[in-house]
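# Structure at a glance
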Amino acid sequence: MKPTNSYTIWFSQRTGSTLLYKALESTGVAGIPGEWLTEPNPETFSIKYLRKIWEDGTTTNGVFGLKTSSFKLDDWIQAFHRELQLPEGLSRPRIWTEAFPNCKHIFMTRRNKVRLAVSWWRAIVSGEWHRVHGTSPHQEDIADQYNFDAINHLLVECTLREAGVAAFLAEGHIVPMTIVYEDFIERYEETVIQVLQFLNIPTNGVQVAAPFFDPIADDIAETWVQRFRKERQENWENIAW
């Protein structure tokens, strides 16, 4: 079924987007905002698959959810333009709304980009991207896997991904709901309710499940944060942090 209302969660890695996805899914009224555009290839994308993700990501009240990053954004815009047979000259946000009707936008960010980059690198080397609540911590010793160049690259990449989203939203004069990771984890349920209100979804009687994931940050991550912070500013005249 084609949704009547939809929303997109825009994220860079390690900003709490999956935690938000699981929370919204638990309400039963906010669609199922999975990463529906991760697996298919934009070049072979078809209207048939679009209809499938509408069906898979829409709750009975007609709300569809999606979470994605700016990765391959222009490829997806071209795919939607092609498969929906849209006229030339439409802006990228307009084309997006043709694929996802009445789309609202949620922008997820993290204030401390160094901690974001370290968390991202830790997930890559450990293979532990999330820790389901109540499960044991990852046991592999990764203390010797610090890599300055990798963390520095991820610091730049997350900044550019956010800039890509910001440019897309600005093109459509869109003011998104912004969720800051550091605030979200402190005000989890309150934030989820605020998202529902932003989406004009009634919240009376809505139950938000407890957080699906436990925090992963540990002493190793903190050691890497402090080491990177010092090495990145080595020989700087004005130390920023």
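Structure shown above.
Keep in mind the model is a prediction, meaning the values are calculated, not measured. (Residues numbered from 1 in each chain as written. Predicted model: local features only at pLDDT ≥ 70, side-chain atom pairs only at ≥ 80, totals over all residues. Heavy atoms only, no water.)

Helix-helix packing is characterised by the crossing angle of the two axes and by the distance between the axes. One can describe the packing of helix α6 (residues 148-171) onto helix α9 (residues 219-232) by two numbers: an axis separation of 11 Å at closest approach and a directional angle of 85 degrees. Between α6 and α9, the interaxial angle falls into the category roughly perpendicular. For the pair formed by α6 and α9, the contact residues are F148, I151, N152 and L155 on the first element and F228, E231 and R232 on the second. Residue composition of the contact of α6 with α9, by class: four nonpolar, one polar and two charged. (Axes fitted to C-alpha atoms, helices over the stretch in contact; angles between N-to-C directions. Helix = DSSP H or I, 4+ residues; strand = E, 2+ residues; numbered from the N terminus. Parallel < 35°, antiparallel > 145°, perpendicular 65-115°, else oblique. Contact = heavy atoms within 4.5 Å. Nonpolar A, V, L, I, M, F, W, Y, C, P; charged D, E, K, R; others polar.)

Moving on: the packing of aromatic side chains. According to the stated counting rule, one finds 15 aromatic pairs in the structure shown. Between Y146 and W224, the ring centres sit 6.3 Å apart and the planes meet at 65 degrees, which makes this aromatic pair edge-to-face. Taken together, the residues span a long stretch of sequence, with Y146 in the loop between α5 (113-126) and α6 and W224 in helix α9 at a distance of 78 residues. On the basis of relative accessibility, which here comes to 12%, the residue Y146 falls in the buried class. In this structure W224 comes out as buried when scored by relative accessible area, which is 3%. (Phe/Tyr/Trp six-rings, centres within 6.5 Å; stacked < 30°, edge-to-face > 60°. Buried < 20%, exposed > 50% of the residue type's maximum accessible area, 1.4 Å probe, protein only.)

A few words now on the pattern of salt bridges. Charged atoms that come close allow side chains of opposite charge to pair. Under the criterion given, the structure shown has 15 salt bridges. Of the charged contacts, one joins D218 and R122 as a salt bridge, the two residues approaching to 2.8 Å between their closest N and O atoms. Residue D218 is found in the loop between α8 (188-198) and α9, and its partner R122 is found in helix α5; the two are separated by 96 residues along the sequence. Note on R122: relative accessible area 6%, which makes it buried. A salt bridge links R131 to E128, with the nearest nitrogen and oxygen atoms 2.9 Å apart. What you see here is one network of salt bridges that share partners, running through R122, E128, R131 and D218. (Salt bridge = Lys/Arg side-chain N within 4 Å of Asp/Glu carboxyl O.)

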